[in-house]
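As a plain string of letters, each chain reads:
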Amino acid sequence: MPPQPQRSPTAGLLLGLILTLAAVVAYSSYIIWQIKGLRQLQSDLADRNRKDSLQLLRVQNDLNSLALAMRDMLDADEPYPLSAWSAQFERIRADLDDALRREEQVALIERSPEQREFLRSSLAQFWAAADRTFALAQNGKQDDARAEIRVSLQARQAALSTAVARLLVQNNEYEEQVAARTAEIYDRVQRQVYVFLAATLTAIVLTSLYLMRSNRRLFAQLAALSAQRRDLAQKLIATQESTLRYVSRELHDEFGQILTAVGSMLGRAEKHTPEGSPLRTELHEVREIAQNTLHTVRSLSQALHPVMLDEAGLETTLSWYLPTVERQTGIALSYEKSGAGFPLSSAASVHIYRIVQEALNNAARHSGSKQAWVRLRFLGDSLEVEIEDHGTGLVAGNPRSGIGLVAMRERAQLVNGTIEFLQPPGGGTLIRLRVPKEAPENHA
């Protein structure tokens, strides 16, 4: 049963790649958006907390100014009456009210109703006491006014300073909490990045394993197909050689013997015909035609499968074949032989001869060259054959030369040899075949 065709992994790989890229893009966008929002929030919180702290420091500074003013008012050596401090108190009061209003607008910490009521009532009581103090001073009661400052104003100013200091401490604590929450968010984002990285790496590993498995399966199929193709090529070449050998022998033996017999019979008939008879002339012409046909049949038999290849070997066959090609194609062939010859198997001889034959046929049909070189080199452990011409070279896409090149490669593999198709420095084509000394006998 023929193997079932395997589904191509391309669709699965593309889907996995698209999903992985989509996940990477989506998660990267999410992380960038989260980090951008976190940075903006951190910047806004830091800015508002800084403004809140500045307003609280402004309030604290105004309270300190009030404390210094009250100290100077209690100083007995001060030449100014207490009512002279009224303008300074009004200026500080206006600045203090503005600072508290701005602080409420930028405050990050939600004040409790008790805190707001305490701060509002304490400030109102302080200014009510200050108004009483300045009223007493304006009525000439300086001692009573100073007593009001010592008993009421300084205590209320200290309470307000304490409350503002407490708010500053809360701001610092809140800033530390924000920093801790920000660090926690960054840690969570970092953990998510690690999780996503692990998931991405897992997806990549799974995709790679699937790709390796698919490639291994495809390579196994290719190896099986290559083995089948090689077996088929061997069978086709073996069938071709067997058919050519059979046709060659039939032409040489059957038709050759028939033509030889016909020629002999015509010769005897010619001898029994009187001299000068027109029939004798015609018999002579027919005998020459039979003889020429015999030579043609023998040449065709040698071209199909040279008998001398089995009897005399590759060297002798090439020495006979190359002049024949030179006469038939008009290409000037230079034959060079070097090295000490060694015997080759019949299979190797047939395949090498066919490769040389195909190479010279390509040179005669496609190269356009009028000269070619054939070199036979017997090396220590191998036989090297080169066929070179300076024509147009190998033309890509030529179906005939393509089939011929495939056949030459197959024959080279059948004798465990290597074949190269090169371009010599002068242009054209150089085919180099290298066959090991001990070629296998069982491929033909």
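The shown structure was predicted, so the numbers you read here are calculated from the model rather than taken from an experiment.

A. Spatial organisation of helix α7 (residues 314-329). Over its 16 residues, α7 runs 21 Å from end to end, which matches the ideal 22 Å to within 8%, given 1.5 Å per residue. What α7 keeps buried is the set L314, T317, L318, Y321, L322, T324 and V325. Of the surrounding secondary structure, the elements contacted by the buried residues of α7 are α6 (307-311), β1 (332-338), α8 (346-367), β2 (371-378) and β3 (382-389). Just downstream of α7 lies G330, where phi reads positive at about 80 degrees.

B. Geometry of the pattern of salt bridges. Under the defined criterion, the tally for this structure stands at 15 salt bridges. The partner of D95 in a salt bridge is R58, and the shortest N-O contact between them spans 2.6 Å. Linking D95 in helix α2 (residues 86-106) with R58 in helix α1 (residues 10-74), this pair joins segments that are 37 residues apart in sequence. Beyond isolated ion pairs, a larger network of salt bridges with shared partners links E336, R375, R377, E384, E386, E388, E420, R432 and R434.

C. Representation of the nonpolar core within the structure. Counting 33 residues, the largest nonpolar core has L360, L383, V385, M408, I419 and L433 as its most contacted members. Contributing elements (two or more residues each) for this core: α7, α8, β2, β3, α9 (399-414), β4 (418-422) and β5 (429-436). Sorting elements by how many residues they give to this core places α8 first, with 8 residues. The contact partners of M408, leaving out residues within four places of it in the chain, are I355, E358, A359, N362, I419, F421 and I431. By size, the runner-up hydrophobic cluster in this structure holds 28 residues, among which are W85, A99, L100 and W127.

Reading the values: rules and limits
- Residues numbered from 1 in each chain as written.
- Predicted model: local features only at pLDDT ≥ 70, side-chain atom pairs only at ≥ 80, totals over all residues.
- Heavy atoms only, no water.
- Helix = DSSP H or I, 4+ residues; strand = E, 2+ residues; numbered from the N terminus.
- Expected span 1.5 Å × (residues − 1).
- Buried < 20%, exposed > 50% of the residue type's maximum accessible area, 1.4 Å probe, protein only.
- Contact = heavy atoms within 4.5 Å.
- Salt bridge = Lys/Arg side-chain N within 4 Å of Asp/Glu carboxyl O.
- Core = buried A, V, L, I, M, F, W, Y, C linked by side-chain atoms within 4.5 Å.

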